[in-house]
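Chains, contacts and geometry: an overview
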Amino acid sequence: RSGGIPENEVVIYSAIGSKIDSLDPGNIGDTSSSSVASQIFECLYDYHYLKRPYQVIPQLAEGLPSVSEDGKVYTIRIKQGIYFTDDPCFEGQRRELTAADFIYSWKRLANIKYLSRNWWVFDGKIDGLDDFREYTKSCKSMDEVDYSRPVQGLQALDKYTLQITLTKPWPQILYLLAHLPTAPVAKEAIDYYGKSIINHPIGTGPFVLDKWNRGSYIEMVRNKCFHDEFYPSEGQPEDLENGYLADAGKKLPFADRLFFMLIQEDPPMWFLFLQGKLDASGIPKDNFQQAIQEGQTLSRELAEKGITLKTFRNPSTYWIGFNMEDPLLGSNKPLRQAIACCIDKKRYIDLFTNNRAEVADGFIPPLMKSYDPDIKEKGFGFDIERGKKLVEQAKQLNQGSLPVLTLAMPSTDVVARQYGQFYKKSFKEIGLELEVDYMDWPTYLGKMHQKDFQMFQSGWVADYPDAENFLQLFYGKNVSPGPNNFNYVDPEFDKLYERASAMLDTPERTQLYRQAEAMIIEECPAVFLLHGVAFTLHHSWVENYKPNTFQYGLSKFRRIDVEKRKAYRYK
Amino acid sequence: MTDTHHTLLSIRNLSTHFYTEQGLVKAVQDVSFDIPAGRTLAVVGESGCGKSVTALSVMRLIPWPPGKIVAGQILFEGEPLLDASENRMREIRGNDIAMIFQEPMTSLNPVFTVGNQIVEAVKLHQKKSGDEARAIAVEVMRKVGIADPQRRVDEYPHQMSGGMRQRVMIAMALCCDPKLLIADEPTTALDVTIQAQILELLRDLQKKRNMSIMLITHDLGVVAENADDVVVMYASRIAETATAQQLFEKPLHPYTKGLLKSLPRLGEKKERLDVIGGNVPSPLNFPAGCKFHPRCPIGCNDKRCQTDEPPLKEMVAGHCVACWYAGQDIEKSKDALKHNE
Amino acid sequence: MLSYIIRRLLYTIPIVFGVMLVTFLLFNVVRGDITDQIAGKAASAETRAEIQEAYGLDKPLFFDFKQSPFTKAFWNSQFVNHLFSAATFDFGSSYKDRELIWDKIKRGAGPSLALTVPMLIGTVVISISLSLVVAYFRGRWMDYILVLISIVGMSLPFLSFILFGQYFLAFKWGLFPVYFWPDLSVWQYTALPILIGIAAGIGGNLRFYRTVMLDELRNDYVRTAYAKGLSSRQVLFKHVLKNAMIPIITQVVLAIPFLFLGSLLLERFFGIPGLGYLMIDAIGSRDYKIINAMVYISAILFVVFNLITDICYAWVDPRVKFD
Amino acid sequence: MPSNIMSETKKHLVEVKDLKTHFPIKAGVLSRTVGHVKAVDGVSFTIEAGKTLGLVGESGCGKTTVGRTLIRLIPPTAGAFTFEGEDIFVASTGRMKAIRRDIQMMFQDPYGSLNPRMTVETIVGEALGVHRISTGNKRRDRVVDLLKKVGLSPEHLNRYPHEFSGGQRQRIGIARALALDPKFIICDEPVSALDVSIQSQIINLMQDLQSQLNLTYLFIAHDLAVVEHISDWVAVMYLGRIVEYASREELYANPKHPYTRALLSAIPEPDPTRRKPRILLAGEVPSPSNPPSGCPFHPRCPLAEEQCRHQIQALLPKGDSDQHVAACWKVK
Amino acid sequence: MTDSIQTTKNLQKPIKGRSLWIDAIGRLRKRKLAMICFGIILFYVFIACYVQVAEWTGSSWPTNWDESTGQKYESPNAQNIFGTDIFGYSILRKVLYGTKISLQVAFFASILSILIGVPMGAAAGYFGGFIDDVIVWIYSTLSSIPYILLILAFALVLKDKTPFGFKLAGATTVYLAIGLTSWVGICRLIRGEILKRKESEYVLAARAMGCSGGRIIFKHLLPNTFHIVIITFSLRFMSFIHAEVILSFLGLGEKDKPSWGAMIDSARLDLPKGYWWEMTAATLAILIISLALNIFGDALRDCLDPKLRTD
Ligand SMILES: Nc1ncnc2c1ncn2[C@@H]1O[C@H](COP(=O)(O)OP(=O)(O)OP(=O)(O)O)[C@@H](O)[C@H]1O
Ligand SMILES: Nc1ncnc2c1ncn2[C@@H]1O[C@H](COP(=O)(O)OP(=O)(O)OP(=O)(O)O)[C@@H](O)[C@H]1O
Ligand SMILES: [Mg+2]
Ligand SMILES: [Mg+2]
């Protein structure tokens, strides 16, 4: 093959839909970048590739952490013999991963001069780290910060033992230790490359960056220094018959080279997939009809080509939020509820998502353990009559007619406009008038931060499989500019949240979560619309393709049948 | 035109019309004449009588719309030009028949140097290299009396005086040694010394290369000195054809007579110049019968003149005239008219 | 003339200054600042403050008039810093991904130009040639058909050209690659987008040039040229074309500065890593530094090419005088 | 300038003093000025009100340039032009507009000077509008009147310049210049493209107007017979300078300068039987950018001597009258 | 003048003098195709006005475009001649309704840009010197700033202002913003044309006659550059129809009302799914008016060129 790729190499081609801004794990904030950087960097923990519900397993750590009685001190052993990939910054030495690297990386997150977007991960959680952050404020620049300054809560007991002391019990830390921003980086690399570190990601993962043509593609090759890692030998019962266990116990990764092609438009992506140039693809909205038949199975045409469809739930919920500080909406519960009644969620899903979603009644997505199967009864379904009645109540409450409401829409594109039209029409059904304010993302963010809006369309994709991640969105201390954009403050809810979030995963906690959810539904700071369901397609030559919504570094599991692909391409 | 010279260009019953908004302009009607090789034919006549249009018709350069050659035949060396292909016309234009346009100011391309425009013609027809062509261009420019031609070749038309532009046009037409030169008022913008020089040059070329010239001019002095034959046109028709000698000695058509009379002559002390009374008829609105009759001392009273178009009759050998009363003394004719009544 | 050129080049200073002032104002007054964008979704107030400090966004927009103009503080404003960065061609790095802006421009300019330059040349050459043909055949079927085609071409949205071209020419018939691919050479993956760009651009250009040509075609010098025995081709492509050059130059030369900005849609649909999206992206994400750099470069290019146009005017048409 | 011309006690309508107009010659990519075309190089003359000065001369000697400079279409390089006692070259723009009502020009290039997108009516009538003289039907009547005077018919009112023959265009130009009833008309070859009968009509018309309205003409022409007929005074130009200046009778009867003589002898005779001897000028026509030293005519002059090659003689009275001046060493 | 030329005997009443424009209109009348095209343009304008009036009077048709008349994505059928869109709205109604916004924006913006660009370009070209410098400075500055940014700024500045008691809202902002930013192109073209023509003899003649600079520009020079103005108008017109949507995109202008540009924009998502009718309907609407406009423009151009006049 041309392009300087050796004939016998196994190459995986994937598409990414938006530009990668950074491959520095400390500063990564979007899923595209995460899915690329996760091939290079590893965290202490990871999710199991096959098992469901999602389960955290050690990655760089030897095992799960040992937690102290009070739930505040975590002691973690790190695997020995894990090396950063070879790089000029290590001056020819092999560089082993140690506990100190974690401490350095996390202090770096805390370093305010580094301007990380991921400080929220540890914000207020680790003993002494906030003081370190305070200290960095006094430094003139990023380089001046003295990383040798001790932090009480981050101790390396020995070369391979890491001890974390929390300010309060926080069981979700486990998930965050599987979150890419906490991946370790080497201080030598940071110092050596300085500002251009963004171009030189140096990690411990299965692949290393070979070429990064920004705005075009990223090429990675197998990391020669990669530690031993093996394909999982257990999974769900059905995984065996689905062939996911054929490679059990084999050394990872299977591929020699990865290409991440930046493809921002759907048509070329779809064409490339059909031509066999891309190994896997989502289904563009445009081509859904072509790919998926009635009843959500793959169309004959594609099935004959050997293409396989995989569907899976996303831990996501989308909603129309209300600004509870808005003088009208905040004090008019019937109005909020009326709005909740007026939206035909089924139709919404049908029109805009090709039915790739489930109706949401509450905010906890069905894939989470704490999802309440009876939620339907509690929520506000589509009911015009009820909506009209509620509007009457709302009018009374408002002592007169209702003014025009405005909705902040974080996008100006066609789809957003269609949403807008849909909402307007729906509001009209129950006699409300809606004005939709389309704006670009930064403007929207600014408005959110300044609480300068009435309603907004938004959603949340959970960072980890714990409903706490949703609950915190309504926590009184998290109001804007924090994640609680509803500016919803309810002392009772807060108490509930505080209690539940410090608990380990028990049925009691699930109960509390559901109780909290019910409270929110009743108070109605948001109209929950839908939970996402993802559809992906892959070609017959891709083996071990099991979707996983929390884990990003998946390329290492994939195996490619090169001959089959060749045959397809040249057909 | 009883001559041993063979006929180079022969125009037969040529009619060219313009289809304008206000109506049909019959700019040339039924015009026939011959130009023998090596001779000069002068075309004189009223301004607007169709001289330039006749010339353009020969070149087949009448702009369509609105103009069109509607009838007639033009034979060049026996070849019918009106049937020739556009490719054939291209070979003829510039090479066999060259034309000097009446408006030297606008007829030159404003964005090319005059040298460039001459060289272009030379290269096209003589297959000369760039330097040779330029040398030829400089040479013809010198011949037509342009000072400092080395520098002037690189000037643009707007930098030249009217006379110079006219001489550039002449140079352009002469540079390819055409067999027939159509010169539409070639010396109007030239002073007499230069005019004499240019005419001398033309005569010279004529002698050397047996070139024929169709000379359109108003200057009867130039006609007298240069033309062998003369065609007098009036209101898009031929009024009279004769040799120069015959014409100046004994003009037959009343228009020609009037023309010669109104000529200002050197040394002649006149308070007012003689004119032909009456107005030029508009081509949209020609009078019936003889077109000159409203201005003609006989015609204005004569029935036949007012209704019937006089044909071109040969009165003496080589002297034709289109007038019912040609050859008769005007006074006599008037008497005759009275008799008739 | 030399002094004219020098004088015009000196205009670069007020023009660039004006452009930068206007963009700066637009950006700060109209668009708000970039802090939210950098900070991410859950940033605390202190992070935001820190970001402002790090990027100098906490400085006054213009001069600090409370200070005396002789102190450093007076000059230490955002605007002065931007001017300074422009004057030294040191644009710094992008707010968004922290890459050096020069690197971005250097990397993107090649592909952008590879796309747009052939596109411009193709469009201009083809549409001028066609326009001469059309003007010559004015009023005959050839003219009508080409006019019809060009109007249809103009009415169709650009996107349909792309979708159509990509689907049929590339995907269905396999004549071109569908998209950029690392093992393809530049001319392979730009061929189709160039073709599409030309096809979409010809309509309007053809209409424009046709009008210009028609205006020249009836002048007397054309008659003279025919009288010399030149063929229609020579008359049209030499005499008429040069006289029609002024509007053509205006159209073409002044399109050149924009070439380096690339073509947004084509780049996105064909994966050409050019500069097309950089500007739009930067406006969308308020990456003022990128905008500043791009605007600065295009202002300079614009002034230069404006001057070139004027010199070309005088060059193709000797009647045009400048002093 | 000899005192006898300038020191006339009579008040002159037009006084031109030492007029110079030079065009820069540009070369190279940067169009640097490499020299000057001295198109007009020191020309002085005066015209009494109601009289005609004929200006004849070599083609390219600067006649048009003199005319254009006088109405400030070309900036003068030096000199002064006094019209009715007012210095035109220093007049303000507003004043110029008023002055232009009184000074009109007939252009040598009839076609080029007619706007291709204007009908004859607009072309001829425009000046009436510009100077707020008449509007509407009145204006049209005036235009029709003018057209008739120059031998065009009212049917031509709505036609555009390209639809006319050369002579007809020239007459449109004449009508335009006459529209304003100016006091002074610069006629740049106004009748060159006209056939003799129309030419006579026009010249008669111009003379009639002159006697009726006391018009003053600067009459540039090549046709010496016409010039003789219409002019009171005649100036002969050669290479940017006046070489001879005399009253009509004097000049035609008794030409002094060799160039004038050559000119007169070169007039074609409208009679094929009479061929007269002709003074043929030899040698190169000099160029105004690189004029020969001394008398500009010397390279072509049959009388030229050593002195002519080095020195140029001022216009001095020659012959019987001091009104007859010429610039030649050889004639007394 | 006894022997001066007498007029032809059969002198009819002098024909009424006409100007270039009256002449051109007279000639246009005789061209069938051009008149048909003019009729089409009038028809479009009529629809636009009708919609406007319907909106003022609160009449239901066609302001009821946002009422479902069928299922989503119905292909063209008897009830919905052009089919329906994603919400089941009739595309025919949307096209009709969209006429108002699209025409309004395209017409006014092109006229505005010509009204600004032509005199500016002419003044720069004719007077040269300082005036030229200033105008060149203005348009260089405007051209160097990214168009989107500029138009956004103009639109934001204009939005909801009430100059002379006239509220700028909706489409008005859009066409003002487009018009105020897009005159640069025509300005440059006209400047070039004027530079080329200002030294011609007929301009000298006009100056000699005492015409002022303004008169020379407007009466003598501009009529000779009309062909450029006309073609620019018709080209601009079409590009503005397409561009209108950009501003709506930026959250300005008529937000949720259909215009042809917006229809094309949303239809592009449907096209790959095989729902071709919305795109087709909007494109056809644009195509027909642009054909009409271009053919009419060409005819007008020809009629304004006296050298082409015939019968
Ligand atoms: N393009 C045209 N459209 C309409 N009429 C025209 C056109 N060209 C010429 N004519 C008319 O045709 C007639 C003959 O014109 P032509 O140019 O041949 O005259 P001419 O004899 O050359 O006169 P002159 O000596 O003045 O040049 C004139 O009446 C003129 O008005
Ligand atoms: N715009 C210009 N640029 C440069 N040189 C010019 C320009 N206009 C005229 N000249 C030169 O000035 C000289 C005089 O020109 P002018 O037109 O006055 O001559 P003229 O006496 O009118 O000649 P003619 O009788 O041929 O019209 C010529 O040599 C001409 O080339
Ligand atoms: Mg003629
Ligand atoms: Mg002259």
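First, a word on scope: everything that follows refers to the structure included in this document. (Residues numbered from 1 in each chain as written. Chains lettered and ligands numbered in written order. Predicted model: local features only at pLDDT ≥ 70, side-chain atom pairs only at ≥ 80, totals over all residues. Heavy atoms only, no water.)

1. As for the overall build of chain C
Along its length, chain C carries 16 helices and 0 strands. On the principal axes, the C-alpha backbone points of chain C span a range of 80 × 60 × 30 Å. Of all intrachain contacts in chain C linking residues separated by at least 6 positions in sequence, the fraction that spans at least 24 positions is 71%. With the model as given, the accessible surface of chain C reaches about 12,300 Å², and the carbon-plus-sulfur share is 69%. (Helix = DSSP H or I, 4+ residues; strand = E, 2+ residues; numbered from the N terminus. Contact = heavy atoms within 4.5 Å. Areas by Shrake-Rupley, 256 points an atom, 1.4 Å probe, with all protein chains shown as cover.)

2. A look at the sheet that holds strand β5 (residues 73–77) of chain A
Residues and elements named next belong to chain A. In space, the 4 strands of this open sheet follow the order β4-β5-β9-β8, with antiparallel pairing throughout. Every interior strand has two partners, whereas the edge strands, β4 (66–67) and β8 (154–158), have only one. Two elements, β8 and strand β9 (residues 161–165), share 4 bridges in a ladder whose sense is antiparallel. In the strand pairing of β9, Gln-155 is matched with Gln-163. Along the sheet, helix α2 (residues 99–110) contacts β8 and β9; its crossing angle with β8, the most-contacted strand, is approximately 170 degrees. (Pairing = 2+ DSSP bridges. Axes fitted to C-alpha atoms, helices over the stretch in contact; angles between N-to-C directions.)

3. A closer look at the site of ligand 1
In the neighbourhood of ligand 1, 23 residues make up the surrounding shell, with Gly48(B), Ser52(B), Gln102(B), Ser165(D) and Gly167(D) lying closest. Residues near ligand 1 are shared among chains B and D, making this a multi-chain site. Contact between ligand 1 and Lys51(B): an oxygen atom at 2.7 Å from a main-chain N or O atom of the residue. Relative to its free-state accessible area of 630 Å², ligand 1 is covered by the protein chains to the extent of 96%. Taken together, the residues of the shell around ligand 1 break down into 7 nonpolar, 12 polar and 4 charged. (Near = heavy atom within 4 Å. Polar contact = N/O pair within 3.5 Å; in protein donor to acceptor, adjacent residues only side chain to side chain. Nonpolar A, V, L, I, M, F, W, Y, C, P; charged D, E, K, R; others polar.)

4. Considering the interface of chain B and chain D
On the chain D side, the residues contacting the 68 residues of chain B number 66 residues. Around 5,300 Å² of area is buried between chain B and chain D when both sides are counted, 53% of it from carbon and sulfur atoms. At the boundary of chain B and chain D, one finds 10 residue pairs in polar contact (both at pLDDT 80 or more). Of all the secondary structure elements, the ones that give two or more residues to the side of chain B that touches chain D are α3 (104–107), α6 (149–152), α7 (162–174), α8 (192–209), α9 (220–226), α10 (244–249) and α11 (254–261) of chain B. For the side of chain B that touches chain D, the per-class residue count stands at 24 nonpolar, 25 polar and 19 charged. (Buried area = accessible area lost by both parts, 1.4 Å probe.)

5. Details of the coordination of the magnesium ion (ligand 4)
Residues and elements named next belong to chain D. The protein atoms that coordinate the magnesium ion (ligand 4) are Thr-64 (OG1) and Gln-108 (OE1), at distances of 1.8 to 2.2 Å. Taken together, the positions of Thr-64 in helix α2 (residues 63–70) and Gln-108 in the loop between β6 (103–106) and α4 (120–130) put the pair 44 residues apart, joining distant regions of the chain. Summarising the burial analysis for this pair, Thr-64 and Gln-108 share the class buried. (Donors = N, O, S within 2.8 Å, 3.2 Å for Na, K, Ca; no water. Buried < 20%, exposed > 50% of the residue type's maximum accessible area, 1.4 Å probe, protein only.)

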